[in-house]
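Given next are the chains, with one letter for each unit.
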Amino acid sequence: MKKKTLLIKAAGAALAIMASGAMAQNWPAKPITLVVPYTAGGSADAIGRRLGDALRKEANVTVIVENKPGAGASVGTDFVARAQPDGTTLLLASTSPLTIFPHLAKTNYDPMKDLTPVASVAVAPVAIVATKALPVKDFAGLVEYAKANPDGVRYGTPGQGTVAHIGMAAVTTQTGTKMLHVPYRGNSQALTDGLGGVIELLVVNSDVVLPHVANGALRPLAVMAPQRLAAWPDVPTMAELKLPQAQYFSNFGIFAPANLPPAVSQPLQAALAKAVASPEFQELLAKSYLQPGTASGDAFVKQVQAEFTNNARIIKEGNIKAE
């Protein structure tokens, strides 16, 4: 009986190896659906569509980009989490649906168990920018002013629970300051109030404020990005300011359903690397003031896990709630 069991196990293992090899040879066996869990027209949509075009060329495969917005991007994320792990249903999203939203609201997916982070493809830096209502010249001046004027600095973000909000909550915790969060519904009204001096700080994606910094209407104090912006070579990152736990940015990546076999993940990562390096995708990065992705494979998995843990702490310490 024992010998029979061993033979069955051996046969099962052999079949798994054969299936894995066949999958590697045939990936992708059918057209790829690239789910973007946001409305059409935004940064993620532009990244997804340009990446889809590049992936079509590099992997010689049909790529269908499908927008599935709703519930803080959890609708599209849940759709991918429930798909077969064959590398043909993928998610293009920032890390927020996995590392921020589940701490603020109930989701139908377990962000750390139901999805496989495959690769980061682009980073949208978040900028901390002073308006004319704030009489400081640099980040050190901001901290000094905020300590002298508790809740006297109002910072506008695109909304409650956004990367910008969580990032500034980390800043205030690490610097021992108290600043007042003013959540807007998107960047437009936040920018209008910032330019009007209604609030002291703007914390938004850098591309939103670049032209207004160029004409002197706004003053950048720091960037939440892996590296300095080419447009602002003198503006430090949070890591350079010795605040690495406040290094927040919109990290757009590709995610797949859980249990993605190596026979799928390896050719998928290779195809994504070629797509991201393509002239077409690099042109999008340059035109949209985006930075290159941060990691792929196991390194990206560890990044997402660390971000999930750090966000849980920041959200708890800041008593941050969903809108």
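In this report, the structure presented in the accompanying data block is examined. Within each chain, residue numbers correspond to sequence positions counted from 1 in written order. Side-chain atom pairs in this predicted model are given and counted only at pLDDT of 80 or more, local residue features only at pLDDT of at least 70, and totals for whole chains, interfaces and linings cover all residues. Hydrogen atoms and water are omitted, and side-chain values are computed over all heavy atoms in the structure.

A word on the overall build of the protein
A run of H or I in DSSP becomes a helix once it reaches four residues, and a run of E becomes a strand once it reaches two; helices and strands are each numbered from the N terminus. In terms of regular secondary structure, the protein is built from twelve helices and ten strands. In terms of overall size, the protein behaves like a compact globule, its C-alpha atoms giving a radius of gyration of 22 Å where 323 residues would be expected to give roughly 20 Å. Viewed in the frame of its principal axes, the protein has a C-alpha envelope of about 80 × 45 × 35 Å. Summary of the burial criterion: residues with accessible area below 20% of their type's maximum are buried, those above 50% are exposed, and those between are partly exposed, where the area comes from a 1.4 Å probe applied to protein chains only. Relative to its full complement of 323 residues, the protein shows a buried share of 49%. Should any heavy atoms of two residues lie within 4.5 Å, those residues are considered in contact. Sequence separation of at least 24 residues holds for 78% of the intrachain contacts in the protein that already meet a minimum separation of 6. Charged side chains of the protein number 28 positive and 22 negative; the gap between the two group centres comes to 8 Å. The globule rule used for comparison is 2.2 Å times the number of residues to the exponent 0.38, while the radius of gyration itself is calculated over C-alpha atoms. Counted as positive: Lys and Arg. Counted as negative: Asp and Glu. His and the chain ends are not counted at all. By convention, the point assigned to a charge is CZ for Arg, NZ for Lys, CD for Glu and CG for Asp.

Thoughts on the pattern of salt bridges
By convention in these notes, a salt bridge is any Lys or Arg side-chain nitrogen within 4 Å of a carboxyl oxygen on Asp or Glu. Counted under the stated rule, the structure contains eleven salt bridges. As a salt-bridge pair, D45 and R49 come within 3.0 Å of each other at their nearest N and O atoms. Of this pair, D45 and R49 both sit in helix α2 (residues 43-59), four residues apart, which is roughly one turn of the helix. On the basis of relative accessible area, D45 is assigned to the buried category, the value being 7%. With its nearest N and O atoms 3.0 Å apart, the salt bridge here joins D78 to R82. Overall, the relative accessible area of 13% leaves D78 in the buried class.

A few points about the packing of α2 against helix α11 (residues 279-287)
In a packed pair of helices, the relevant descriptors are the angle between the two axes and the axis-to-axis distance. The axes are straight lines fitted to the C-alpha atoms, using for helices just the contacting stretch, and the angles between their N-to-C directions are given from 0 to 180°. For the pair α2 and α11, interaxial distance at closest approach is 9 Å and the crossing angle is 165°. It follows that α2 is roughly antiparallel to α11 by the angle criterion. For the crossing formed where α2 meets α11, the hand is left-handed. Residue-level contacts link A46, I47, R50, L51 and K57 of α2 to E280, F281, E283 and L284 of α11. Each residue gets one of three labels, nonpolar for Ala, Val, Leu, Ile, Met, Phe, Trp, Tyr, Cys and Pro, charged for Asp, Glu, Lys and Arg, and polar for the others, Gly among them. Here the contact of α2 with α11 is built from residues that sort into five nonpolar, no polar and four charged. Any angle that is under 35 degrees is reported as roughly parallel, and any over 145 degrees as roughly antiparallel; angles of 65 to 115 degrees are reported as roughly perpendicular and all others as oblique. In this scheme, a crossing is called left-handed if the near helix is turned counterclockwise away from the far one by less than a right angle; it is called right-handed if the turn is clockwise.

Considering the packing of aromatic side chains
Note on aromatic pairs: the rings of Phe, Tyr and Trp (six-membered ring only in Trp) are paired at centre separations within 6.5 Å, and the planes decide the class, stacked below 30 degrees, edge-to-face beyond 60, tilted for the rest. In this structure the tally under the stated criterion is one aromatic pair. Here F255 and F300 contribute two aromatic rings whose centre-to-centre distance is 5.6 Å and whose plane-to-plane angle is 40°, an arrangement assigned as tilted. With F255 in strand β9 (residues 249-257) and F300 in helix α12 (residues 297-317), this pair connects stretches of sequence that are 45 residues apart. A single burial state applies to F255 and to F300, both of which are buried. Counting as a charge over the ring demands two things of the Lys NZ or Arg CZ atom: a distance within 6 Å of the ring centre and an angle within 35 degrees of the ring normal. Positioned above the aromatic ring of F79 is the side chain of K68, whose terminal nitrogen or guanidinium carbon lies 4.4 Å from the ring centre.

Concerning α12
Taking 1.5 Å of rise per residue, the 21 residues of α12 would be expected to cover 30 Å, and the 31 Å separating its terminal C-alpha atoms lies within 8% of that figure. Taken as a whole, α12 has its buried residues at G297, F300, V304, N310, N311, I314 and I315. Take α12 and look down its axis: the buried residues cluster within an arc of 140°, on one side only. Exposed residues lying more than 90 degrees from the buried face of α12 are D298, K302, T309 and K316. Residues of α12 that are buried make contact with α4 (96-99), α5 (101-104), β4 (115-130), α7 (163-175), β9 and α10 (262-277). Backbone geometry just after α12 places N319 at a positive phi near 50°. Working rule for helices: expected span equals 1.5 Å times residues minus one. Arc, as used here, means the arc of the directions from the helix axis to the C-beta atoms.

In short, geometric facts, not functional conclusions.
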